[in-house]
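Below, each chain spelled out in residue letters.
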Amino acid sequence: MMGSASLKNAALAIAAGAFAAGILMVAQGLLTSDADAAIQPALKLQPVASFDKIKNKSQRAVALFQEAGKVINSPRCMNCHPATERPTQTDRMRPHQPLVVRGEGGMGAPGMMCTTCHREANFDSAGVPGNPKWHLAPAEMAWQGKSLGQICEQIKDRKRNGDLTLAALVKHMAEDELVGWAWSPGTGRTPAPGTQKEFGALIKAWADAGATCPKG
Amino acid sequence: MTQLTLKINGQSHSIDADPDMPLLWAIRESVGLTGTKYGCGVAQCGACTVFVAGQPVRSCSMPVSAVGADEITTIEGLKSKEALAVQKAWVKLDVPQCGYCQSGQIMSATSLLELNAKPTDRDIDLAMNGNICRCATYVRIRAAIHDAAKSLEG
Ligand code: FES
Ligand code: FES
């Protein structure tokens, strides 16, 4: 049994802990690099040829998409495909600090556009990533909280993929400059697995094999 | 070091700078315009906000070499009608406390009014929440932006 004095002490200790945690959260909020999270060594992607042994076409397509899914599920891609109007950041995918929203065309709110901070290129000395096309994916392309199967169906659906044919989708994944940023994200951020070329080849092979999506 | 020419507030300034130097330091140290403040250096506080080609930019987060021929406007050179309305409202409502964050606040508030003549509370919050004020003048900032918007009507 705790006496009332020790109960009070325990309550004070909890309050002090909460206060310290609050300060820590603020301090973490001010860290813009991923240095606060463990930076993972870049993962590799299996080459397309290693899937040739799967003779069943749709099973091969599923396996290829699952391999490409290592990229899709990387924080470098997920952070800008948020489920809400606010992007996330760092390898831990915490809410973007400061608060920013998708806004018109994924470019942010008037007065606080993406370009207020994110310019043409990564600027490592300020810990701010950049790319000429920097913007958020539209709401219908939200990936966070979805299974790989759901994302797969979504990126094939022309109503939700910016009206891209499968061929245009392959080109986008393989060549788009902002997609490509995921492999050169600047100091302190884990790059997406493999290379954009390998990723593009996996997506192309998936499309060629019939673009079957993983279940679920 | 590279020779660069910056157009700031309508004047050309030739400076010798490392191309990777943040624009903020070029403005403050090389050109000597110290109205723009350094708060965090990592795009988190907004104290360093200037306009580049008319758009608000965190000058700590942009290398000076990326400005090119774009016109820079600092707090010293603000003169749009929105800026004057903001300035008046700031004085009327006595917005600043210590003042350190205020040039960034005024730059962001001016930009908001240039883009949105009648901002709601939410518009103001979304445009201004990247400008931190350690004196917590947020309530007066919001009131002053509404006041400035009103003074610009009709
Ligand atoms: S000094 Fe640039 S945002 Fe803080
Ligand atoms: S007035 Fe003191 S920091 Fe804003």
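Residues numbered from 1 in each chain as written. Chains lettered and ligands numbered in written order. Predicted model: local features only at pLDDT ≥ 70, side-chain atom pairs only at ≥ 80, totals over all residues. Heavy atoms only, no water.

Colleague: Which parts of the structure should I look at to understand the overall build of chain A?
Modeller: Helix and strand content of chain A: seven helices and four strands. Order of helices (α) and strands (β) in chain A, N terminus to C terminus: α-α-α-β-β-β-β-α-α-α-α. Residues classed as buried in chain A amount to 43% of the 216 residues present. Within chain A, residue pairs in contact and separated by at least 24 positions form 59% of the contacts whose partners lie at least 6 positions apart. (Helix = DSSP H or I, 4+ residues; strand = E, 2+ residues; numbered from the N terminus. Buried < 20%, exposed > 50% of the residue type's maximum accessible area, 1.4 Å probe, protein only. Contact = heavy atoms within 4.5 Å.)

Colleague: So what exactly am I meant to see when it comes to the interface of chain A and chain B here?
Modeller: Think of interface size as the accessible area that goes away when the parts come together; that is how it is often given. Contact with chain A, which involves 20 residues of that partner, is made by 22 residues of chain B. Taking both sides of the interface into account, the surface hidden between chain A and chain B amounts to around 1,800 Å²; carbon and sulfur atoms contribute 61%. If you sort the residues of chain A by the area they bury against chain B, Thr116, Arg119 and Phe123 of chain A come out on top, with a joint share of 30%. Run the count over chain A and chain B and you get one salt bridge. Measuring nitrogen to oxygen at the nearest pair gives 2.9 Å for the salt bridge that ties Glu85 of chain A to Arg122 of chain B. For the pair chain A and chain B, the number of links is four residue pairs in polar contact (both at pLDDT 80 or more). (Buried area = accessible area lost by both parts, 1.4 Å probe. Salt bridge = Lys/Arg side-chain N within 4 Å of Asp/Glu carboxyl O. Polar contact = N/O pair within 3.5 Å; in protein donor to acceptor, adjacent residues only side chain to side chain.)

Colleague: Would you explain the packing of aromatic side chains in this entry?
Modeller: For any pair of aromatic rings, the description consists of the separation of the ring centres together with the inter-plane angle of the planes. All told, the structure shown has four aromatic pairs over all chains when counted by the stated rule. Centre to centre, the rings of Phe65 of chain A and Trp206 of chain A are 4.9 Å apart; their planes meet at 50 degrees, and the pair counts as tilted. Residue Phe65 of chain A is found in helix H2 (residues 57-72), and its partner Trp206 of chain A is found in helix H7 (residues 196-208); the two are separated by 141 residues along the sequence. Here Trp206 of chain A falls in the buried class, since its relative accessible area comes to 0%. Measuring from ring centre to ring centre gives 5.7 Å for Trp183 of chain A and Phe199 of chain A, while their planes differ by 40 degrees; the resulting arrangement is tilted. Here Trp183 of chain A is found in the loop between helix H6 (177-181) and H7, whereas its partner Phe199 of chain A is found in helix H7, with 16 residues between them in sequence. For the pair formed by Trp183 of chain A and Phe199 of chain A, the shared burial category is buried. The side chain of Arg134 of chain B reaches across the aromatic face of Tyr100 of chain B, ending 5.7 Å from its centre. (Phe/Tyr/Trp six-rings, centres within 6.5 Å; stacked < 30°, edge-to-face > 60°. Lys NZ or Arg CZ within 6 Å of the ring centre and 35° of its normal.)

Colleague: I tried to follow the side chain of Asn79 of chain A on my own but got confused; where do I start?
Modeller: All names here are of chain A. As for its placement among the helices and strands, Asn79 is situated in the loop between helix H3 (75-78) and strand S1 (88-89). Given a relative accessible area of 5%, Asn79 falls into the buried group. A polar side-chain atom of Asn79 sits 3.2 Å from the main-chain carbonyl oxygen of Thr90. Among residues more than four places away in sequence, those in contact with Asn79 are Pro87, Thr88, Gln89, Thr90, Met93, Leu136 and Gln144.

Colleague: Teacher, can you tell me more about the pattern of salt bridges here?
Modeller: As a working rule, side chains carrying opposite charge can pair if their charged atoms are close by. The final tally for this structure, using the stated rule, is 13 salt bridges over all chains. As a salt-bridge pair, Asp91 of chain A and Arg76 of chain A come within 2.6 Å of each other at their nearest N and O atoms. Remark: Arg76 of chain A occurs in helix H3 and Asp91 of chain A occurs in the loop between S1 and strand S2 (94-95); sequence separation between them is 15 residues. In this structure Asp91 of chain A comes out as buried when scored by relative accessible area, which is 16%. The shortest N-O distance in the salt bridge between Lys133 of chain A and Asp176 of chain A comes to 2.5 Å. On the criterion of sequence distance, the pair formed by Lys133 of chain A in the loop between strand S4 (112-113) and helix H4 (148-156) and Asp176 of chain A in the loop between helix H5 (166-175) and H6 is long-range, its members being 43 residues apart. What you see here is one network of salt bridges that share partners, running through Asp121, Asp125 and Arg142 of chain B.

Colleague: Is there a simple way to think about the state of the cysteines in this case?
Modeller: All names here are of chain A. Under the counting rule described, the total for this entry stands at one disulfide over all chains. The disulfide partner of Cys152 is Cys213, and the S-S distance across this bridge is 2.1 Å. The sign of the -80 degrees torsion about the S-S bond sets the Cys152-Cys213 disulfide as left-handed. On the criterion of sequence distance, the pair formed by Cys152 in helix H4 and Cys213 in the segment after H7 is long-range, its members being 61 residues apart. The exposure class of Cys152 is buried, given its relative accessible area of 0%. Overall, the relative accessible area of 7% leaves Cys213 in the buried class. In this structure Cys80 is not part of a disulfide, and its nearest cysteine sulfur, from Cys114, lies 8.0 Å away. (Disulfide = S-S within 2.5 Å.)

Colleague: Looking at this structure, how should I read H2 of chain A?
Modeller: Since the α-helix packs 3.6 residues into each turn, any two residues three or four apart lie on the same face. All names here are of chain A. Here H2 contains 16 residues, and its C-alpha end-to-end distance of 22 Å stays within 8% of the 22 Å for a straight helix at 1.5 Å per residue. When we look at burial in H2, the residues that qualify are Ala61, Val62, Ala63, Leu64, Phe65, Glu67, Ala68, Gly69, Val71 and Ile72. Buried residues along H2 sit in contact with H3, H4 and H7. In this structure Asn56 caps H2, since a side-chain oxygen of it lies 3.0 Å from the backbone nitrogen of Ser58. (Expected span 1.5 Å × (residues − 1).)

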